[in-house]
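Chain residues, written in single-letter form:
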Amino acid sequence: QVQLVESGGGLVQPGGSLRLSCAASGTFFSIITMGWYRQAPGNQRELVGTITRGGNTNYADSVKDRFTISRDNAKNTVYLQMNNLKPEDTAAYYCNAGYTVALYSRVDDAWGQGTQVTVSS
């Protein structure tokens, strides 16, 4: 089982920056992909971006060129650097990890508890 703990959310003015962190712990063989999703009130959870163990990234069009995902495999930690934040970025941000518990085992999903990001003047 993998546990994910997020940190770094808060209140920021439009145009500001925040950096989210998510640390994985527990028992696993390998963490394949880590990523961030977000959910605003009344909306479905949506992809923000993902990063593979090898460093390949994928972003939602709405955050490209503003958000950057990075990963420290030695620390089992993923980061989300958010720049030029907009009010529409306000949401609860959730960390996700796809992991295996053994060589050739299936990939299971783990989710963090979420951290709130509010962009407002």
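As shown above, the structure is provided for reference.
No experiment lies behind these values; they were computed from the predicted model shown. (Residues numbered from 1 in each chain as written. Predicted model: local features only at pLDDT ≥ 70, side-chain atom pairs only at ≥ 80, totals over all residues. Heavy atoms only, no water.)

Which residues make up the environment of asparagine 83, and what are the values?
By secondary structure assignment, the location of asparagine 83 is in the loop between strand S8 (77-82) and strand S9 (91-100). On the basis of relative accessible area, asparagine 83 is assigned to the partly exposed category, the value being 30%. Here the alpha-carbon distance between asparagine 83 and isoleucine 31, two residues 52 residues apart in the chain, equals 27 Å. The contacts of asparagine 83, once residues within four sequence positions are left out, are Gly16, Ser17, Arg66 and Phe67. Of the polar contacts made by the side chain of asparagine 83, one reaches the side chain of glutamine 81; its length is 2.9 Å. (Helix = DSSP H or I, 4+ residues; strand = E, 2+ residues; numbered from the N terminus. Buried < 20%, exposed > 50% of the residue type's maximum accessible area, 1.4 Å probe, protein only. Contact = heavy atoms within 4.5 Å. Polar contact = N/O pair within 3.5 Å; in protein donor to acceptor, adjacent residues only side chain to side chain.)

An account of the state of the cysteines is needed here, citing residue identities and associated values.
Scanning the model with the defined rule gives 1 disulfide in all. The partner cysteine of cysteine 22 in its disulfide is cysteine 95, sulfur to sulfur 2.1 Å. Disulfide cysteine 22-cysteine 95: the torsion about the S-S bond is -85°, which places it as left-handed. Of this pair, cysteine 22 sits in strand S3 (residues 18-26) while cysteine 95 sits in strand S9, and the two are 73 residues apart along the sequence. Each of the two residues, cysteine 22 as well as cysteine 95, counts as buried. (Disulfide = S-S within 2.5 Å.)

Tell me what's going on with the packing of aromatic side chains, and back it up with residues and numbers.
Summed over all chains, the structure comprises 1 aromatic pair. In this structure, arginine 45 packs its charged tip against the face of tyrosine 94, placed 3.7 Å from the ring centre. One cation-aromatic arrangement involves arginine 45 over tryptophan 111; the distance from NZ or CZ to the ring centre is 4.8 Å. (Phe/Tyr/Trp six-rings, centres within 6.5 Å; stacked < 30°, edge-to-face > 60°. Lys NZ or Arg CZ within 6 Å of the ring centre and 35° of its normal.)

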